[in-house]
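Descriptive analysis of the structure
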Amino acid sequence: QVQLVESGGGLVQAGGSLRLSCAASGRTFSNYVMGWFRQAPGKEREFVAGISRSGGTTWYTDSLKGRFTISRDNAMSTVVLQMNSLKPEDTAVYYCAADWRPADYARSAREFAYWGQGTQVTVSS
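Here's a quick rundown of the structure. (Residues numbered from 1 in each chain as written. Predicted model: local features only at pLDDT ≥ 70, side-chain atom pairs only at ≥ 80, totals over all residues. Heavy atoms only, no water.)

What about the nonpolar core?
Residues Leu4, Met34, Trp36, Val79, Leu81, Met83 and Tyr94 are the most contacted members of the largest nonpolar core, which totals 30 residues. Looking at this core, the elements that each hand over two or more residues are strand 3 (18-25), strand 4 (33-39), strand 5 (46-51), strand 7 (68-73), strand 8 (78-83), strand 9 (92-99) and strand 11 (119-124). Non-local contacts of Val79, meaning those with residues more than four positions away in its chain, are made with Leu20, Ser21, Cys22, Phe29, Met34, Trp36, Ile51, Ile70, Ser71, Arg72 and Cys96. Core analysis: the second largest hydrophobic core is formed by 7 residues, Val33, Phe37, Phe47 and Ala97 among them. (Core = buried A, V, L, I, M, F, W, Y, C linked by side-chain atoms within 4.5 Å. Buried < 20%, exposed > 50% of the residue type's maximum accessible area, 1.4 Å probe, protein only. Helix = DSSP H or I, 4+ residues; strand = E, 2+ residues; numbered from the N terminus. Contact = heavy atoms within 4.5 Å.)

So, in structure tokens, the structure goes:
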């Protein structure tokens with residue numbers, strides 16, 4: 001198993017930036033495809049961004065491309081989501097996810113077995 005702990009959430013004004021981090025422990029981090037998801041109140045959990053085991057391939061939900069950037073440091077067992085030009089509709093709990101099975105471009109929450117506890121991001125208008 002792998003354990004995931006997110007950090008970096010908080011309250012930010014519209015147009016601002018936040019940097020979310022996810023620290024992994026327990027297994028060889030580089031074996032895992034990593035993803036970020038988010039869930040707003042009353043809505044389903046949605047895919048935000050994914051990154052391949054090596055970090056060489058990234059993919060995003062189309063509406064967020066250009067504002068959000070995912071990266072990973074396999075030596076430090078961390079994955080980062082840099083969020084810029086934040087909007088009130090980005091308000092949600094953000095979750096880090098991992099799994100050793102998926103191919104690149106995995107987008108479904110069902111493809112990820114391991115999840116962090118989530119970190120709240122609130123964007124004020």
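Here we look at the side chain of Ser52
Take Ser52: it is sitting in the loop between strand 5 and strand 6 (58-60). A distance of 3.3 Å separates a polar side-chain atom of Ser52 from the backbone nitrogen of Gly56. Look past the residues within four positions of Ser52 in its chain and what remains in contact with it is Thr57, Trp59, Arg72 and Asp104. (Polar contact = N/O pair within 3.5 Å; in protein donor to acceptor, adjacent residues only side chain to side chain.)

With respect to the environment of Gly8
Relative to the helices and strands, Gly8 resides in the loop between strand 1 (3-7) and strand 2 (10-13). Here Gly8 falls in the partly exposed class, since its relative accessible area comes to 35%. Sequence separation between Gly8 and Leu81 is 73 residues; the distance between their C-alpha atoms is 9.5 Å. Those residues in contact with Gly8 that lie beyond four places of it in its chain are Leu18, Arg19, Leu20 and Thr119.

A look at unusual backbone geometry
Although it is not a glycine, Ser85 adopts a positive phi angle of roughly 50°. Mapped onto the elements of the fold, Ser85 is located in the loop between strand 8 and strand 9. Residue classification places Ser85 among the partly exposed residues on the basis of a relative accessible area of 41%. A positive phi angle is found at Tyr105, which is not glycine, with a value near 75°. Take Tyr105: it is sitting in the loop between strand 9 and strand 10 (114-115).

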